Amino acid sequence: LNAPLLVAIAGGIFIFPFFLFSATAGQLAEKFDKVMLIRLLKLTELGLMIAAAAGFVLQSVSYLMVLLFLMGTQSAFFGPLKYSILPELLKPRELLGGNGMVQAGTFLAILLGTITGKVVLEENGAMLVSLLIVAVAMAGWLASRFIPPRGPMVPDLKVDYNVFTSTWEMLRYARSHKEIFLIILAISWFWLVGATFLTEVTPFAKDVLGGDQNLATLLLVLFSIGVALGSLLCNSMLKGEVHATFVPLGALGMTLFALDLYFTSRGFSQGGASPLTVSQFLGTFRGWRVLADFLLIAIAGGIYIVPLNTLLQYHSNAGHRARNIAANNIFNALFMVISALGTALLVSLQVTIPQIFLVIALCNGVVAIYITRLLPGALARAFVAWLLQMFYRVEVTGLKHIAEAGERVLIVSNHQSFLDAALIAAYVPEDLTFAIDTSVAKNRLVKFFLSMARTIPIDPVNPLSTRTLIDAVKRGEKVVIFPEGRITVTGALMKIFEGPGMVADLVVFDPDRVRDTATYENPKSHPEGIPYVIVGGQLVKDAGEQTDALAG
């Protein structure tokens, strides 16, 4: 077999176990102690690497292919464990940074493994490669011994070992939860784009740029480092908050820099019959531009993928998180297969590599627009937050109370300026729904700020408006009300009228009593375990006297 065909077969053998075993892996990760399974899998990996070391020494391709399948199986079982245990070990504000480090470490490990394996194998033979892979596997097993012990998440779960029924049920569950499914599709798209670039980097460097193998290695290094940088940069940009503000920006960045890569590489002069060295390539402006495009595409990819991985963990039910991640792995593998088949089809149609990059850029542009439509306020919020930070040096404290407030949240805010709504929408990481006067909502200057959040136009003279707000909170929307009817003249929270007080009392404090707003009563006591409500920037935990005050 020639080298390209052998590489393609090896890739297929490694990916195939993800289709076969991901569903079982997700179920086992829920049923048993994740730390115990991680240690067991790392010990299995050590045994497989010892067996692979023998394969390198014997130089048996078929034997190594069997071991590659077994390593793919180990990876299929390890993936749901690796990502689902992060929310159990990290605090919410650490989760984004943890995912960034995992993503950065993954690409850097791929890079170091590819380069080190190639260099060591060429210069020192198979024996040193064998020793290295065993040493790395040993280090992984030792590291797993330091993970704090955890208990099983769903110990009573009945594992379905039928590959077909369990896989279908897992994908059906993900599909039935729209938010989870869209996140999975967005993550899988990243792997389609990344797989295409990583697959074509060597022929692009040699056949299009006219460079040698060292140039291909340089592009691979830049791409891997770029994803790592983008992954780590994402945590700094979002300051640990779990939301998708910069996901559309990352998608748009990948599109723009991939387009520039196409125009830069089109008609690239190879500079002679002999391959260009790295120094010769860097002696041209076009060369630096190609390198910059590869690096920036990867950085944008890191900014794109890390929040999505974190959101998948964050929005998954704790007892179903590993299975959602397993479903994500199945879709990732499917999209990588689509990438390979699509690239092969385009090559068979005599499409050049720069044109393949153009196709990816245009398709990614469509995806970026779609994501922006799904998250219409994300870019607007980021832009407004930047403006407010630049002009007012805004400092925000107490955001943790939003997460602590539970599922039914009513934010009752004092009204000190016309910037209040923009401030809340820009800096609160959750998706908010604002109650806004119908006459104000028609103002053209206000419409841009309305794109930052969902709004419910409220007619003060229509009693059904209160019912609309109650229904919104009951659906789990976090509703913001400015209850004073005007900007404060005292600087403090002024009189709150009956409508907001009734919404807070009926829905937030005692949602089980919601029947008809006409039968509203204001009780003196409430059951324990009531949700929180935020009034005038203060977190209220006791419904007693505060409820009477809210009711006016």
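In short, a report on the structure.

**Comments concerning the overall build of the protein chain**
Moving on, step 1. What the protein chain contains, in helices and strands, is 22 helices and 6 strands.
Moving on, step 2. Taking all contacts inside the protein chain whose residues are at least 6 apart in sequence as the whole, residues at least 24 apart take part in 77%.
Moving on, step 3. For the protein chain, the accessible area works out to roughly 27200 Å², and carbon and sulfur atoms hold 65% of it.

**What about the packing of aromatic side chains?**
The description of two aromatic rings rests on the distance between their centres and on the angle between their planes.
Moving on, step 1. A complete count under the given rule lists 15 aromatic pairs for this structure.
Moving on, step 2. An angle of 80° between the planes, with centres 5.7 Å apart, marks the rings of Phe181 and Phe331 as edge-to-face. Here Phe181, found in helix H8 (residues 178-208), pairs with Phe331, found in helix H13 (residues 321-348); they are 150 residues apart in sequence, far enough to count as distant. Grouping residues by exposure puts Phe181 and Phe331 together as buried.
Moving on, step 3. A ring pair is formed by Tyr262 and Phe263, whose centres lie 5.0 Å apart and whose planes are at 65°; its orientation type is edge-to-face.

**A look at the side chain of Asn332**
Moving on, step 1. Along the chain, Asn332 falls in helix H13.
Moving on, step 2. The exposure class of Asn332 is buried, given its relative accessible area of 8%.
Moving on, step 3. Residues in contact with Asn332, not counting those within four places in the same chain, are Ile187, Ser188 and Trp191.

**Quick word on the packing of helix H9 (residues 213-238) against helix H12 (residues 285-315)**
Moving on, step 1. Running from N to C, H9 and H12 cross one another at 40°; their axes reach a closest spacing of 6 Å. Of the possible angle classes, the one that applies to H9 and H12 is oblique. The interaxial crossing formed by H9 with H12 has right-handed handedness.
Moving on, step 2. Split by residue class, the contact of H9 with H12 holds 20 nonpolar, 4 polar and no charged.

**A word on H8**
Because the α-helix completes a turn every 3.6 residues, residues three or four places apart line up on one side.
Moving on, step 1. Taking 1.5 Å per residue, 31 residues should reach 45 Å; H8 reaches 42 Å between its end C-alpha atoms and fits that length.
Moving on, step 2. Of all the bends in H8, the largest measures some 45° and sits at Glu200, one to four residues before the proline Pro203.
Moving on, step 3. Looking at the residues trailing H8, positive phi occurs at Gly210, about 75°.

**Looking at the pairing of strand S2 (residues 432-437)**
Moving on, step 1. Among the 6 residues of S2, 5 are classified as buried, and the element is accordingly described as predominantly covered.
Moving on, step 2. In this structure, S2 lies alongside strand S4 (residues 478-481), joined through 3 bridges in parallel fashion. Along S4, the bridge assignment pairs Leu432 with Lys478.
Moving on, step 3. As judged from the 5 bridges shared by S2 and strand S3 (residues 454-458), these two strands associate in the parallel manner. If you follow Ile436 over to S3, its bridge partner there is Pro457.

**Focus on a nonpolar patch on the surface**
Moving on, step 1. Taken together, the side chains of Phe383, Trp386, Met390, Phe391, Tyr392 and Leu419 define a hydrophobic patch exposed on the protein surface, amounting to about 670 Å² of accessible area.
Moving on, step 2. Assignment of secondary structure puts Trp386 in helix H15 (residues 376-392).

**Thoughts on the environment of Lys118**
Moving on, step 1. Take Lys118: it is sitting in helix H5 (residues 92-124).
Moving on, step 2. Owing to a relative accessible area of 35%, Lys118 belongs among the partly exposed residues under this scheme.
Moving on, step 3. Along the sequence, Lys118 and Val129 sit 11 residues apart, while their C-alpha atoms lie 9.1 Å from each other.

**Here's the deal with the pattern of salt bridges**
Moving on, step 1. Under the defined criterion, the tally for this structure stands at 6 salt bridges.
Moving on, step 2. A salt bridge links Glu30 to Arg323; its shortest N-O distance comes to 3.8 Å. Pair noted here: Glu30 is in helix H1 (residues 3-31) and Arg323 is in helix H13, with a separation of 293 residues, a long-range link. An identical accessibility class is assigned to Glu30 and Arg323; each is buried.
Moving on, step 3. Between Glu88 and Arg150 there is a salt bridge, and its shortest N-O distance comes to 3.6 Å. A residue pair is termed long-range when its members are at least 10 positions apart, and Glu88 in helix H4 (residues 86-89) and Arg150 in the loop between helix H6 (126-144) and helix H7 (163-176) qualify at 62 residues.
Moving on, step 4. By relative accessible area, Glu88 is classed as buried at 13%.
Moving on, step 5. A residue is classified by how much of its surface remains accessible, and Arg150, at 31% relative accessible area, is partly exposed.
Moving on, step 6. Salt bridges linked by common partners bring Lys34, Glu88 and Arg150 together as one network.

**A short note on H6**
Moving on, step 1. With 19 residues, H6 ought to run about 27 Å at 1.5 Å a step, and its terminal C-alpha atoms sit 27 Å apart, in line with that.
Moving on, step 2. Inspection of H6 places Ala126, Val129, Ser130, Ala137, Gly140 and Ser144 among the buried residues, and these make up the whole buried set. End-on view of H6: buried residues confined to an arc of 105°, all on one side of the axis.

**Describing unusual backbone geometry**
Moving on, step 1. With a phi close to 55°, Gln59 is a non-glycine residue in the positive phi region.
Moving on, step 2. Take Gln59: it is sitting in the loop between helix H2 (34-58) and helix H3 (61-84).
Moving on, step 3. Take Gln59: its relative accessible area is 66%, and that puts it in the exposed class.
Moving on, step 4. Even without being glycine, Gln350 reaches a positive phi, approximately 65°.
Moving on, step 5. Secondary-structure assignment places Gln350 in the loop between H13 and helix H14 (353-374).

**Quick notes on the packing of H8 against H9**
Between two packed helices, what matters for the description is the angle formed by their axes and the separation of those axes.
Moving on, step 1. Between H8 and H9, the shortest axis-to-axis distance is 7 Å and the interhelical angle comes to 155°. Our classification of the angle between H8 and H9 gives roughly antiparallel. Along this stretch, H8 crosses H9, giving a crossing that reads as right-handed. In this structure, H8 contributes Gly194, Phe197, Leu198, Val201, Thr202, Phe204, Ala205 and Lys206 to the contact, and H9 contributes Gln213, Leu215, Ala216, Leu219, Leu220 and Phe223.
Moving on, step 2. Its residues assigned to classes, the contact of H8 with H9 shows 10 nonpolar, 3 polar and 1 charged.

Basis of the calculations
Residues numbered from 1 in each chain as written. Predicted model: local features only at pLDDT ≥ 70, side-chain atom pairs only at ≥ 80, totals over all residues. Heavy atoms only, no water. Helix = DSSP H or I, 4+ residues; strand = E, 2+ residues; numbered from the N terminus. Contact = heavy atoms within 4.5 Å. Areas by Shrake-Rupley, 256 points an atom, 1.4 Å probe, with all protein chains shown as cover. Phe/Tyr/Trp six-rings, centres within 6.5 Å; stacked < 30°, edge-to-face > 60°. Buried < 20%, exposed > 50% of the residue type's maximum accessible area, 1.4 Å probe, protein only. Axes fitted to C-alpha atoms, helices over the stretch in contact; angles between N-to-C directions. Parallel < 35°, antiparallel > 145°, perpendicular 65-115°, else oblique. Left-handed = near helix turned anticlockwise from the far one by under 90°. Nonpolar A, V, L, I, M, F, W, Y, C, P; charged D, E, K, R; others polar. Expected span 1.5 Å × (residues − 1). Bend = angle between axes of the 7 residues up to and from the residue. Pairing = 2+ DSSP bridges. Patch = residues over 30% accessible without salt bridge, like charges linked within 9 Å, V, L, I, M, F, W, Y side chains within 5 Å. Salt bridge = Lys/Arg side-chain N within 4 Å of Asp/Glu carboxyl O. Arc of directions from axis to C-beta.

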